[in-house]
Amino acid sequence: MTFDIATIWAFIIAFAVFVYVVMDGFDLGLGILFPLFPAKADRDVIMNSVAPVWDGNETWLVLGGGGMMAAFPLAYAVLMPALYTPVIAMLIGLIFRGVAFEFRSRTTQRESNRWDIAFAGGSWLATVAQGIALGAILQGIHVEGRHYAGGWWDWLTPFSILTGLALVVGYALLGATWLVLKTEGELRNKAYGLSWSLLFAMLGSIGAVSIATPFLHIQYAQRWFAWPNVILTAPVPLAVAAVTLLLLRGLARKRDNQPFFLSLVLFALSYAGLGISMYPYIVPQSITIWQAASPQNSQIFMLFGVAVLVPLILGYTAWAYWVFRGKVGPESGYH
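Residues numbered from 1 in each chain as written. Predicted model: local features only at pLDDT ≥ 70, side-chain atom pairs only at ≥ 80, totals over all residues. Heavy atoms only, no water.

Enquirer: Outline the pattern of salt bridges, listing residues and values.
Expert: Under the definition given, this model contains 5 salt bridges. Two residues, aspartate 27 and arginine 97, come together in a salt bridge whose shortest N-O distance is 2.5 Å. Here aspartate 27 is found in helix H1 (residues 2–33), whereas its partner arginine 97 is found in helix H5 (residues 84–104), with 70 residues between them in sequence. Arginine 97 shares its class with aspartate 27; the two are buried. (Salt bridge = Lys/Arg side-chain N within 4 Å of Asp/Glu carboxyl O. Helix = DSSP H or I, 4+ residues; strand = E, 2+ residues; numbered from the N terminus. Buried < 20%, exposed > 50% of the residue type's maximum accessible area, 1.4 Å probe, protein only.)

Enquirer: Break down the side chain of threonine 288 for me, citing the residues and quoting the values.
Expert: Turning to its location among the elements, threonine 288 is positioned in strand E4 (residues 287–288). Residues in contact with threonine 288, not counting those within four places in the same chain, are Pro280, Tyr281 and Ile282. (Contact = heavy atoms within 4.5 Å.)

Enquirer: If you had to explain the environment of asparagine 48 to someone new, which residues and values would you point to?
Expert: Here asparagine 48 shows up in helix H2 (residues 40–50). Taking C-alpha positions, asparagine 48 is 9.8 Å from lysine 182, a pair spaced 134 residues apart along the chain.

Enquirer: So, the layout of surface pockets: which residues are in play, and what are the values?
Expert: Estimated volume of the second largest pocket: approximately 480 Å³. Taken together, 24 residues form the lining of the second largest pocket, with Phe26, Trp178, Phe260, Phe261 and Tyr321 sitting closest to its centre. Within the residue set of the lining of the second largest pocket, elements represented by two or more residues are H1, helix H7 (158–182), helix H12 (258–278) and helix H14 (296–323). Of the residues assigned to the lining of the second largest pocket, the class counts are 18 nonpolar, 4 polar and 2 charged. (1 Å grid on protein atoms, 1.4 Å probe; cavity = no way out; pocket = protein on both sides within 12 Å on 5 of 7 lines; lining within 4 Å. Points joined across faces, edges and corners; volume = space filled by probe spheres on them. Nonpolar A, V, L, I, M, F, W, Y, C, P; charged D, E, K, R; others polar.)

Structure (C-alpha cells):
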C-alpha cells in the first residue's frame, strides 16, 4: 500500500511540474524572444496573446512544490538547501516578469521600455535558473544520512549550465510556436522563421544533454542501454525523431495549429526521458520516493484534496484557453 500511495504522489508531483513547464514555458519563451521584436506594436500583440491566461500558470508550480513538501518532506528538506541560489533567482525573475506585465501598459513610452527590459530579463533569469536547478538535481546531490552535505556552489557545474541554456532554447521554441498559433501577418511570419532555427537548436540541445547524462552516473547508462531496459527506452528517441518530422512538415506547410502542440509533445518526450533516468529516485542516487515519503495516512488524506483540486484547476484552465482561443490582432485589448 505504501508503495502505491508514494508512486501516485510521485506521479501527481511530476504531472504538476510538467504542466507548469509546458504552460509557463511558452510564457517565459515570449519574454526570451521579446528583444527580437523591437516594435511596440508587435510587443503589444505578444503581451495580449498571453494576457488572459499567464497569471494562472504558476499555480502548477505552487502545487508541485507544495505537494513535494507535504508528500516527500525528506526530499524537500534535502533539495532546497542544495538549490537555494537558483530557486531564489527563479523567484526574483518571476517577480520581475509579473510586475512588468502589470505596469508595462500603465506607463509612458520611456517607462514602458524599462518594463520591457524587466520582462525579458526576468524571463531569461527564471528560465536559466530552472534549467540549472534541473541539471543540479540530475548530476546528484551530496547527501549524508538525512541531510544535504554539499557546498553552496555545488549546483554550478558545466552540466547544469548546459541544461540551463537548453531550457532557454526549449522555452523559446514554445514561445515562437505560440506566436505562430496566435498571431497574424508579419509577426506570424517572423515567428515561423524563428521556429525553424529554434527547432534545430532544441534538437541539438536534446542531443547534448542526452549524451552527457549517461556519463554523470553509471546507473543512468544502465537504465538506458542495459538489456532488457533498452527495449523500453528505445521508443523514446524514435518518437522524438517522428515528432520532429511532423513538426518540420507543419512548419514547411505553415499549418498554424500544429507547431505549438507538436513542440509540447517534444517536451513531453524529453520529460519522459528525464523520468526514465531518475526513477525510482526523487533525489538521484541518494533517496528513493519511498524513503522520502511522508506517513501513509498523511498521503492518503491529502489525496482527497488533490482529487478535488486538480480537476478544478484543469477545468478552469481549459475553459480560459477555450474562451480566449483564436488569433490575436493589434486591435485586441486584453491587457
